Structures are given as structure tokens and as C-alpha cells.
Amino acid sequence: MPEADAAGRPAPFRRLALVGLGLIGSSIARGAREAGLAREIVAIDRDAGVRERVRALGIADVATADLAAGVAGADLVVLCVPVGAVGPVAAAMAGALAPGAIVSDVGSVKGAVVAAAAPHLPGHVAFVPAHPVAGTEHSGPDAGFASLFHGRWCILTPPEGTAPAAVARVRAFWEGLGSVVETMTPAHHDLVLAITSHVPHLIAYNIVGTAADLEAVTQSEVIKFSAGGFRDFTRIAASDPTMWRDVFLTNKDAVLEMLGRFNEDLAALARAIRWDDGEALHALFTRTRAIRRGIVAVGQETAEPDFGRRGAGPGPKAPG
Ligand code: NAP
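Residues numbered from 1 in each chain as written. Predicted model: local features only at pLDDT ≥ 70, side-chain atom pairs only at ≥ 80, totals over all residues. Heavy atoms only, no water.

By the naming in an unreviewed UniProt entry, the chain goes by Cyclohexadienyl dehydrogenase and is assigned to Methylobacterium crusticola.

Broken down by element type, the chain carries 12 helices and nine strands. Computed over the C-alpha atoms, the radius of gyration of the chain is 22 Å, within 12% of the 20 Å expected from 2.2 N^0.38 for a compact globule of 320 residues. Overall, the C-alpha framework of the chain stretches about 65 × 40 × 40 Å when taken along its three principal axes. Within the chain, the proportion of its 320 residues that are buried is 40%. Counting every atom, the chain has about 16,700 Å² of accessible surface; 59% of that belongs to carbon and sulfur. (Helix = DSSP H or I, 4+ residues; strand = E, 2+ residues; numbered from the N terminus. Rg over C-alpha atoms; globule rule 2.2 N^0.38 Å. Buried < 20%, exposed > 50% of the residue type's maximum accessible area, 1.4 Å probe, protein only. Areas by Shrake-Rupley, 256 points an atom, 1.4 Å probe, with all protein chains shown as cover.)

So, about the site of the ligand. Near the ligand lie 26 residues; those nearest to it are Leu23, Ile24, Asp45, Val81 and Ser108. At 2.9 Å, a backbone N or O of isoleucine 24 approaches an oxygen atom of the ligand. Measuring from an oxygen atom of the ligand, one finds a backbone N or O atom of glycine 140 at 2.9 Å. For the shell around the ligand, the secondary structure elements donating two or more residues are α1 (23–35), α4 (83–93) and β7 (130–132). The leading source of residues in the shell around the ligand is α4, at three residues. (Near = heavy atom within 4 Å. Polar contact = N/O pair within 3.5 Å; in protein donor to acceptor, adjacent residues only side chain to side chain.)

What follows covers the nonpolar core. Within the largest apolar cluster, 39 residues are counted, with the highest numbers of intra-cluster contacts made by Leu16, Leu18, Ile28, Leu156, Phe173 and Trp174. Here leucine 16 is in contact with Ala32, Ala38, Glu40, Ile41, Val42, Leu76, Val78 and Phe173, once residues within four sequence places are set aside. Counting residues in hydrophobic clusters, the runner-up holds 34 residues, among them Leu79, Val114, Ala194 and Phe248. (Core = buried A, V, L, I, M, F, W, Y, C linked by side-chain atoms within 4.5 Å. Contact = heavy atoms within 4.5 Å.)

Let us look at the sheet that holds strand β8 (residues 153–156). Across the sheet, which stays open at both edges, the three strands sit in the order β7-β8-β9 with mixed pairing between neighbours. One side of each edge strand has no neighbouring strand; the edge strands of this open sheet are β7 and β9 (180–183). On average, each strand axis in the sheet is tilted by 20° relative to the strand beside it, whichever way the strands run. Both β8 and β9 contribute to a ladder of four bridges, which runs parallel. Bridging from a neighbouring strand, tryptophan 153 pairs with valine 180 of β9. (Pairing = 2+ DSSP bridges. Axes fitted to C-alpha atoms, helices over the stretch in contact; angles between N-to-C directions.)

Here's what the structure looks like:
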């Protein structure tokens, strides 16, 4: 099969099998259909309610609980389940994979995924792990949308020796979904994501937990005055508990390393406050403001006030 048509569009996969039709899996299904990246889309999910929604939404051609039947004949299989489930799912489907198939995933941690899945996969398939750096705090098939990956990074971490043609096809697939694709080693991915995504989520979970535990501040006050920066933490802290439990348990080393540095820097900030070192505080806040402006400049965030939310400002407002 040619890898692109005359207009440069990637050649569609014959049969795309998606395992786990949550936020990410259902967004891939929608995006792949919209961009014509697969002739047939098979949705595999263990949850009857999810399969029912997939059928009602019409985002796949087939919805089944049967993993082996679902992946049989697929030339691209993408595991869209929590990181901790990737290994067991890979083991369960391995015997049904077609020769020449490409297996990929979307897990937020890559070293653990490669270690858990690769030993189960037969030699006649190619393994190209992927991580779309895009998401929301919502879960399930109704939360997905086709444009989720538009303009967002997707990081591929193919193990050494992976067939370059398979990597190129997965790259073209993600580009077809609207992503900008970069390749790196699993270890490097896990280190970068520990500081850019995992530790920030941990901080959000922690600060919301601390606020909820404060006895001198009531829950209703926490909600009422949440616009003062806290609200953005509550959005992140609403992220899927299973997914994030797995992220921290499987990216332990990198997260603990980054957390160690974070704690040292936090102690330095506390010291600056205690000793009235306004210069140190101002210097840091100036540096961080420049980083924020850099993120906006490369199009990874909106420059609008309050992240472009409607109804920004004090007082009770609808959630953004
Ligand atoms: P989600 O909306 O909760 O969907 C996860 C799906 O996986 C559900 O259909 C779930 O079925 C299924 N599943 C869970 N455990 C399973 C198991 N042991 N065996 C088989 N199926 C299982 O989660 P998501 O946000 O799409 O996340 C999926 C993957 O994408 C994760 O690996 C995550 O790290 C990665 N990711 C997420 C984001 C994000 O922002 N959400 C961004 C990038 C990457 P049940 O309903 O039966 O549990």
C-alpha cells in the first residue's frame, strides 16, 4: 500500500482497532474518521455502557468486548487504556495480532509501557509507543472530540530496532489527526513529562486536598473564592483518578527526582519570604513570566485573560 496519496495525505489503514474508548480512544476514533485515516474502525471496550455509547455516537464501525476478535486483521492497534493496563492487554491480545500489524498506545508514561508490553508482542508486529500531549480532565466516550490533537505534540518512543516504515506510518497517522510529532527515547520522555505534566498534576492534587482539609476555611468558601488561582488547580485535580494513579506508580523515579528539586526550590522561596528578600522573589517571577509568554508565543496556550474562559472575574460563575 502506498504511504501517501497524490495530495500527500497518509494512506488509510485498512482496519484500525482501538482498545479503550475513553477520552483519548474516542477522540482518535472521531479524528481518524474525519480525516479518513482508516477504512474500518473497531472499538474494543470491556464496558457494555461504553460500547452502547460508541454505537449511539456512531464513532466506530464495530463495538465489541472481544479483544482477540477485535484486533484480528487490524493493521493498526492502539491501546488507549490506563498505563497499568497496557501490559495485561498486550498479553491478552498478542496471539490474535496479524503479521505486519503495528501496535501503538497513548500512555502518559513510556518506559513502563515499553517494559510491560514489548515482551508480550510477537516478532511479526512492530511496536511504536506514542503519547499525545493533549487531553482534558474529562473521561469516557462522550468527552472525546476530533480536534483534541490539533496543533498538539505527539511524542513517539519506538524501541531501538523498530522498523522505520512502521514509525513513519504512525507519524503520518498522528499528523493526520492534526498533531506535531516528535521522537525521543522513553526515558527522556518520562523525565520531560515528569516536570511538565506529572509534578504539576501532583501539586494540583495536593493543594486541592490541603484546602479541602483546612478546618478554619469552609468548603463553601473554597468554592466561592476559587477564582484566585485555586480554580485552575481544581480543574487539573479533577483529572481521572485511575489514569493518574498509574502515571505516578509507573514514572516513580523521574517524578521523585523532579519532586526533590521542586522541594528544594520551594524551600528557597519560603526562605526568601521569611527574610524579606523581595529581590529574589521579583527575579523569579520575572523569569517565570517570560516562560509563560514563550508558551503563548509558540501557540501552546491562549494569551486571553483567565485562559480565555467566559465570565472571568470574581463572583460565582459557570465553570470554564
Ligand atoms: P478514560 O477516558 O478513563 O478511558 C480509559 C478506557 O480504558 C475506558 O474505556 C476504560 O474502561 C478502559 N480500561 C480501563 N482499565 C482497563 C483494563 N484494565 N482493561 C481494559 N480496558 C480498560 O481515560 P483516557 O483519558 O482516555 O486515558 C487513556 C490513556 O490515555 C491513558 O493511558 C492515559 O495515560 C493516556 N492519556 C490521557 C490523557 C488525558 O488528558 N486524559 C492525555 C494523554 C494521554 P472502563 O470504563 O471499563 O474502566
